[in-house]
Amino acid sequence: MLAVAVLSACNPISSSQAEPKDQIVGRWESPNLSRHGESLYAQFNADGNMKYMGGMGEAMSAEWLFLDSGELQVTTNGNAHRCNATIDGKNLTIVPPACMSGWDEVGNTVTLVKQ
């Protein structure tokens, strides 16, 4: 019984608290912000690439990573921007949203819901 407990404690997969880089992977959408009839979204892929809705409703391609500081860095067209990204259950809050090109007009913060 002790061996099972020790193995479980050493196995990062069995951890109840996943790393932010693992939690953020997937599609996130705003329940109340849309452009051209489509919800504002960000799709984070495990390989560090992402797609999100730009300022004109177009699909933007970018790269993302979490820095040692805990900040989220989004690089679109060679321009890197940093923001704070907090994941609480199925909610992703980004402050300031301007780290995504074209999101500066959505306000000081945006919360997206995991799909």
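Refer to the structure presented above.
None of the values given here were measured: they were computed from a predicted structure.

Draft legend 1. Structural view of unusual backbone geometry. Here the bond from Val95 into Pro96 is cis, since omega is -15°, no more than 30 degrees from zero. Here Pro96 lies in the loop between strand 7 (91–95) and strand 8 (110–114). For Asn77, which is not a glycine, the phi torsion comes out positive at approximately 50°. Examined against the element boundaries, Asn77 turns out to sit in the loop between strand 5 (72–76) and strand 6 (79–88).

Draft legend 2. View of the packing of aromatic side chains. Taken as a whole and judged by the stated rule, the model has three aromatic pairs. For the pair Phe44 and Trp64, a centre-to-centre distance of 5.6 Å together with 85° between the ring planes defines the contact as edge-to-face. Of this pair, Phe44 sits in strand 2 (residues 38–44) while Trp64 sits in strand 4 (residues 59–66), and the two are 20 residues apart along the sequence. Overall, Trp64 belongs to the buried group, its relative accessible area being 8%. Ring centres 6.0 Å apart and planes at 80° place the aromatic pair Trp64 and Phe66 in the edge-to-face group. By way of ring pairs, the aromatic residues Phe44, Trp64 and Phe66 are connected into one cluster. Above the plane of the ring of Tyr41 lies Arg27, whose end atom (NZ or CZ) is 4.1 Å from the centre.

Draft legend 3. Quick look at the pattern of salt bridges. As enumerated under the stated definition, the model contains four salt bridges in all. Two residues, Glu29 and Arg27, come together in a salt bridge whose shortest N-O distance is 2.7 Å. Where Arg35 meets Glu105, a salt bridge forms, and the shortest distance between an N and an O atom there is 2.1 Å. Here Glu105 lies in the loop between strand 7 and strand 8 and Arg35 lies in strand 1 (residues 26–35), a separation of 70 residues in the sequence. One salt-bridge network, in which partners are shared between bridges, spans Arg27, Glu29 and Glu38.

Draft legend 4. Examining the sheet that holds strand 3 (residues 49–53) more closely. Around the barrel, eight strands lie side by side as 1-2-3-4-5-6-7-8; this closed barrel has antiparallel pairing. The average undirected angle you get between the axes of adjacent strands in this sheet is 35°. As defined by bridge partners, strand 5 adjoins strand 6 across five bridges and the pair is classed as antiparallel. Bridged to Leu72 within strand 6 is Cys83.

About the criteria used
Every chain is numbered on its own, with residues counted from 1 as its sequence reads. Given that this is a predicted model, residues contribute local features only at a pLDDT of at least 70 and side-chain atom pairs are listed and counted only at 80 or more, while totals for whole chains, interfaces and linings are drawn from all residues. With hydrogens and water set aside, each side-chain value is computed from the structure's full complement of heavy atoms. Only DSSP runs of H or I covering at least 4 residues are called helices, and only runs of E covering at least 2 are called strands; the numbering of each starts at the N terminus. Only Phe, Tyr and Trp rings are paired, with Trp represented by its six-membered ring, and only when their centres lie within 6.5 Å; those with planes under 30 degrees apart are stacked, over 60 edge-to-face, the remainder tilted. Using a 1.4 Å probe on the protein chains alone, a residue whose accessible area is under 20% of its type maximum counts as buried, one over 50% counts as exposed, and one in between counts as partly exposed. Only when the NZ atom of a Lys or the CZ atom of an Arg is both within 6 Å of the ring centre and within 35 degrees of the ring normal do we say a charge sits over the ring. Only one rule defines a salt bridge in this text: a Lys or Arg side-chain nitrogen within 4 Å of an Asp or Glu carboxyl oxygen. Two strands are said to pair when DSSP picks up at least two bridges between them. To obtain an axis, a line is fitted to C-alpha atoms, over the contacting stretch when the element is a helix, and the angle between two such axes runs from 0 to 180 degrees between their N-to-C directions.

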